[in-house]
Amino acid sequence: MAERDDPGIIGRRVQQLRTERGLTQKQLAEGAYTPAYISTLEAGRVRPSEQALRHIAARLDVAYEELATGRPAHLATNLRLRLTDAQRTLATGEAEAAAEQYAALLAEAEAHGLDAECAAALLGLGECALESGELVVGRLRFEQAEKRLADTPLPIRVPALRGRAVAHHLAGELRYACYLLESALDELNRTGLHDPGALVLLYASVIGPYMDMGAHARAAQAAEFALALAPQVQDPALLARMHRSVARTLLAEGRTAEADASLAKAAEFYRQLQIRTELANCHWMRGYVYAQNGQLDRAESELREARAILAAKRATLYTSQVVVELADVLHRQGKSSEAAKLLRDVLGDLHSERGAVHSAAAHRLLGIIAEDAQDTESAEEHYVLALSLLERAGAAGDLADLCRMLGDLFRRTGRVEAALDAYRTGLGHQTAPGTTTLGPAPAHPPL
């Protein structure tokens, strides 16, 4: 049941509707109450019971909810129906169009004080911003959604929390992203809140920051957990469409509660469609592991699968990051020209505040390819650009390796002092295995 307005507001609303309909207080009270009671109610000096409001609503020919809250009948259900439409738009890759839908829905939900619908619209706006690479805007929207959901259980808050962590990760704030995701995983697993969808979202999302920090064992374990839980999250597209259609029919028949139930199912299925995007991270992780083990053909296959899933969703920033990993594999297979072309194509989508670590990786690989072609000037330029990006992100392991490469380049070109400076800088960034994460790993899920 929706929360009612205070007695004074309800009283003024009753008086206005009664006057508009040309009824006296006696006529409104007829059959159950006295004119004096109606007078007291209209003056805001009594809190009417639900039974009294239902009687008055029937006499005024308005819905009980509209009389109690001032919201038009079926408003919340209609908003939820349109929210699932916006989710469908985003799930099919139309982030810009979805953002317009969510913005209109947010304004309407805020005007009527519908917190849950406001949170859903804010969450959608955050996802749209992530897919289009507007990280600051996305983080703000997720923070606002979390505030709206502050009193709800953690599994309900996970999509907003995960979105905020991903925005921090993509902005190069790796440790904080890990902290947010690990804390949520630990709470879910330790307290028994084993929601498969929430766990898959969190495990798939933590892979990226783990990899960028050099915590490869944790990344591999997170991918293993996500893939083990994934069968409990079924392919939702067809079921979501079905529930949306059913909800429209039920709403037309005035069966609001049943329509709401169908819409809740549709919304859950569209959330699972977002999980499909997250599972691309798992294919990405597998590709990385195969590449590290020298299984380059299998690595290429996994990375192309991840790229296809993300490209189908038009998730340009994530797609660009996978392309960098794919280019590395292609280069190691001897396909340097193809790798360089892929990297040049995606560098426009990556910069210091938008995929900083992968932007650095792209410049690093272009530097290697330039060195192979004896173009030391271009190689140095790419290495220096990569170095500045990694310093901002705090990716210590990658920084140490890049300093070594830059030092080697200086040494081969006869600049001994510059080489020594680069080596010293690299030594300052060396980290011992296991020191890149924040503490003990989160508790494990029940598998």
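Residues numbered from 1 in each chain as written. Predicted model: local features only at pLDDT ≥ 70, side-chain atom pairs only at ≥ 80, totals over all residues. Heavy atoms only, no water.

## Considering the overall build of the protein chain
So, point 1. Per the secondary structure count, the protein chain includes 22 helices and zero strands.
So, point 2. For the protein chain, the proportion of its 447 residues judged to be buried stands at 51%.
So, point 3. Pairs at least 24 residues apart make up 64% of the contacts formed inside the protein chain by residues separated by at least 6 positions. (Helix = DSSP H or I, 4+ residues; strand = E, 2+ residues; numbered from the N terminus. Buried < 20%, exposed > 50% of the residue type's maximum accessible area, 1.4 Å probe, protein only. Contact = heavy atoms within 4.5 Å.)

## Observations concerning unusual backbone geometry
So, point 1. One non-glycine residue, Asp-61, adopts positive backbone phi at about 60°.
So, point 2. Exposure remark for Asp-61: the relative accessible area of 68% places this residue in the exposed category.
So, point 3. One non-glycine residue, Gln-374, lies in the positive phi region at around 65°.
So, point 4. Relative to the helices and strands, Gln-374 is located in the loop between helix H19 (356-372) and helix H20 (376-393).
So, point 5. Judged by relative accessible area, which is 66%, Gln-374 ranks as exposed.

## What to know about the packing of aromatic side chains
So, point 1. Tallied over the entire structure, the rule returns three aromatic pairs.
So, point 2. Note on Tyr-33 and Tyr-37: the rings are 5.1 Å apart at their centroids and 20° apart in plane angle, and the pair reads as stacked.
So, point 3. Lying across the ring of Tyr-64, Arg-54 places its NZ or CZ 4.0 Å from the centre. (Phe/Tyr/Trp six-rings, centres within 6.5 Å; stacked < 30°, edge-to-face > 60°. Lys NZ or Arg CZ within 6 Å of the ring centre and 35° of its normal.)

## Side note on the nonpolar core
So, point 1. One finds Leu-130, Leu-170 and Leu-343 to be the most contacted residues of the largest nonpolar core, which totals 36 residues.
So, point 2. Put simply, the parts of the chain that give this core at least two residues each are helix H9 (135-148), helix H10 (154-170), helix H15 (256-292), helix H16 (296-312), helix H17 (316-332), helix H18 (336-346) and H19.
So, point 3. The biggest single contributor to this core is H17, with nine residues. (Core = buried A, V, L, I, M, F, W, Y, C linked by side-chain atoms within 4.5 Å.)

## Points about the confidence of the model for the protein chain
So, point 1. Averaged over every residue, the pLDDT of the protein chain is 82; residues scoring 70 or more account for 84%.
So, point 2. Least confident of the elements in the protein chain is helix H14 (residues 237-252), whose mean pLDDT is 58; most confident is H9, at 94. (pLDDT = per-residue confidence, 0-100.)

## Description of the side chain of Glu-302
So, point 1. Relative to the helices and strands, Glu-302 resides in helix H16.
So, point 2. Residues in contact with Glu-302, not counting those within four places in the same chain, are His-283, Arg-286, Gly-287 and Tyr-290.

## Some thoughts on the environment of Arg-298
So, point 1. Residue placement: Arg-298 occurs in helix H16.
So, point 2. Taking the relative accessible area as the measure of exposure, Arg-298 reaches 45% and is therefore partly exposed.
So, point 3. Separated by twelve residues in sequence, Arg-298 and Arg-286 have C-alpha atoms that sit 8.8 Å apart.

## As for empty space enclosed by the protein
So, point 1. One pass over the full model with this rule turns up two cavities of 30 Å³ or more.
So, point 2. Of the volumes computed, that of the largest cavity is approximately 90 Å³.
So, point 3. If you go around the largest cavity, you meet twelve residues; those closest to its centre are Tyr-203, Tyr-210, Gln-221, Phe-225 and Pro-442.
So, point 4. Put simply, the parts of the chain that give the lining of the largest cavity at least two residues each are helix H12 (196-213) and helix H13 (216-229).
So, point 5. The biggest single contributor to the lining of the largest cavity is H13, with four residues.
So, point 6. A breakdown of the residues in the lining of the largest cavity according to their chemical character gives nine nonpolar, two polar and one charged. (1 Å grid on protein atoms, 1.4 Å probe; cavity = no way out; pocket = protein on both sides within 12 Å on 5 of 7 lines; lining within 4 Å. Points joined across faces, edges and corners; volume = space filled by probe spheres on them. Nonpolar A, V, L, I, M, F, W, Y, C, P; charged D, E, K, R; others polar.)

## Describing the pattern of salt bridges
So, point 1. Scanning the entire structure with this criterion turns up 24 salt bridges.
So, point 2. Put simply, Arg-190 and Asp-186 hold a salt bridge, and the shortest N to O gap is 2.9 Å. You can see Arg-190 and its partner Asp-186 sitting in helix H11 (residues 174-190), four residues apart, about one turn around the helix.
So, point 3. We classify Arg-190 as exposed; its relative accessible area is 61%.
So, point 4. Overlapping salt bridges, with partners in common, bring together Arg-364, Asp-401, Arg-404, Asp-408 and Arg-411 in one network. (Salt bridge = Lys/Arg side-chain N within 4 Å of Asp/Glu carboxyl O.)

## Concerning the packing of H10 against H12
So, point 1. Orientation of H10 relative to H12, taken along the N-to-C sense of each, is 15°, at an axis distance of 10 Å. Between H10 and H12, the angle falls in the class roughly parallel. Here H10 and H12 pass one another in a crossing that is left-handed. For the pair formed by H10 and H12, the contact residues are Pro-155, Val-158, Pro-159, Leu-161, Arg-162, Val-166 and His-169 on the first element and Ala-198, Leu-201, Leu-202, Ser-205, Gly-208, Pro-209 and Asp-212 on the second. (Axes fitted to C-alpha atoms, helices over the stretch in contact; angles between N-to-C directions. Parallel < 35°, antiparallel > 145°, perpendicular 65-115°, else oblique. Left-handed = near helix turned anticlockwise from the far one by under 90°.)

## Remarks on the packing of helix H6 (residues 75-91) against helix H8 (residues 115-132)
So, point 1. Following both chains from N to C, one finds H6 and H8 inclined at 15°, their axes separated by 10 Å at the closest point. Compared by their axis directions, H6 and H8 come out roughly parallel. In terms of crossing hand, the pair formed by H6 and H8 is left-handed. On the side of H6, the interface is formed by Ala-76, Leu-79, Arg-80, Leu-83 and Leu-90, while H8 contributes Glu-117, Ala-120, Ala-121, Gly-124, Glu-127, Cys-128 and Glu-131.

## Description of the environment of Ser-132
So, point 1. With respect to the helices, strands and loops of the structure, Ser-132 is situated in helix H8.
So, point 2. We classify Ser-132 as partly exposed; its relative accessible area is 33%.
So, point 3. Sequence separation between Ser-132 and Leu-317 is 185 residues; the distance between their C-alpha atoms is 7.0 Å.

## Let's talk about the environment of Leu-149
So, point 1. Note that Leu-149 resides in the loop between H9 and H10.
So, point 2. Judged by its relative accessible area of 13%, Leu-149 falls in the buried class.
So, point 3. For the pair formed by Leu-149 and Asp-115, sequence separation is 34 residues and the distance between their alpha carbons is 8.0 Å.

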